[in-house]
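# Structural description and commentary
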Amino acid sequence: VQLQAYGGGLVQAGGSLRLSCAASGRTFSTYGIGWFRQAPGKEREFVSAISWYGTYTYYGDSVQGRFTISTDNAKNTVYLQMNSLKPEDTAVYYCADRRAKWSSTTYYTPDTYDYWGQGTLVTVSS
């Protein structure tokens, strides 16, 4: 599986961006897609995740109510709509593919994902 994340950029606080994660290859074996982010000097943080057909969605506490994850299976693409952006949302955003079914703890654990995209930078100015 190959993942390509794009859609990042520079936005002012309070603005919006939509990230896309385009998947190719053996996507029929994908259980779900997760979004993570990593700011300089910080650990990789869980942002959101969605099962491949959209049945289950999860959000990190810091983005709950502001970000929305969705999937378009016809395009093999997962989207992350980010609204009300804050300077603390500044980070490189990565999407990742998980093959196996999630448990109550694995959907937010980076090490449990199998494939990663290259990341897209989101910068929110104050």
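Here, every reference points to the structure presented above.
Residues numbered from 1 in each chain as written. Predicted model: local features only at pLDDT ≥ 70, side-chain atom pairs only at ≥ 80, totals over all residues. Heavy atoms only, no water.

## Some details on the pattern of salt bridges
We count it as follows: What makes a salt bridge here is a side-chain nitrogen of Lys or Arg within 4 Å of a carboxyl oxygen of Asp or Glu, nothing more. A run of H or I in DSSP counts as a helix once it spans at least four residues, and a run of E counts as a strand once it spans at least two, with each numbered from the N terminus. A simple rule labels every residue: compare its accessible area, found with a 1.4 Å probe on the protein chains alone, to the largest value its type can have, and call it buried under 20%, exposed over 50%, or partly exposed in between.
As enumerated under the stated definition, the model contains 4 salt bridges in all. Between D89 and R66 there is a salt bridge; the shortest N-O distance is 2.7 Å. Placement of D89 in the loop between β8 (77–82) and β9 (91–98) and of R66 in the loop between β6 (57–59) and β7 (67–72) is noted, with a sequence separation of 23 residues between them. Per residue, the accessibility class of D89 equals that of R66, and both read buried. Connected through shared salt-bridge partners, R37, E45, R66 and D89 make up one network.

## Points about the sheet that holds strand β1 (residues 2–6)
Basically, it comes down to this: Note on pairing: two strands pair once DSSP finds at least 2 bridges between them. The convention used is that axes are lines fitted to C-alpha atoms, helices contributing only their stretch in contact, and that angles between N-to-C directions extend from 0 to 180 degrees.
Taken in spatial order, the 4 strands make up an open sheet running β1-β3-β8-β7, and their pairing is antiparallel. Both outer strands of the open sheet, β1 and β7, are each paired with one neighbouring strand and no more. Across this sheet, the average inter-strand angle for adjacent strands is 15°, counted without regard to direction. The pairing of β1 with strand β3 (residues 17–24) spans 5 bridges and is antiparallel. Bridging across to β3, Q2 finds its partner in S24.

## Here we look at the packing of aromatic side chains
Quick reminder of the rule: Aromatic pairs are defined between Phe, Tyr and Trp rings, using the six-membered ring for Trp, whenever the two ring centres lie within 6.5 Å; interplanar angles under 30 degrees are classed as stacked, those over 60 as edge-to-face, and all others as tilted. Here, a charge over a ring means that NZ of Lys or CZ of Arg falls within 6 Å of the ring centre while also lying within 35 degrees of the ring normal.
Applying the stated criterion across every chain, the model contains 10 aromatic pairs. When the centroid spacing of 5.1 Å and the interplanar angle of 80° are considered together, the rings of F36 and Y113 count as edge-to-face. Highlighted residues: F36 in strand β4 (residues 32–38) and Y113 in the loop between β9 and β10 (115–116), separated in sequence by 77 residues. Note on accessibility: F36 and Y113 belong to one class, buried. With a centroid separation of 6.4 Å and an interplanar angle of 75°, the aromatic rings of Y94 and W116 are classed as edge-to-face. Separated by 22 residues along the polypeptide, Y94 in strand β9 and W116 in strand β10 bring together distant segments of the chain. What makes W116 partly exposed here is its relative accessible area of 29%. Three or more aromatic residues link up through ring pairs in this structure, and these residues are Y31, F36, F46, Y58, Y94, W102, Y107, Y108, Y113 and W116. If you follow R44 out to its NZ or CZ, it ends over the ring of W116, 4.7 Å from the centre.

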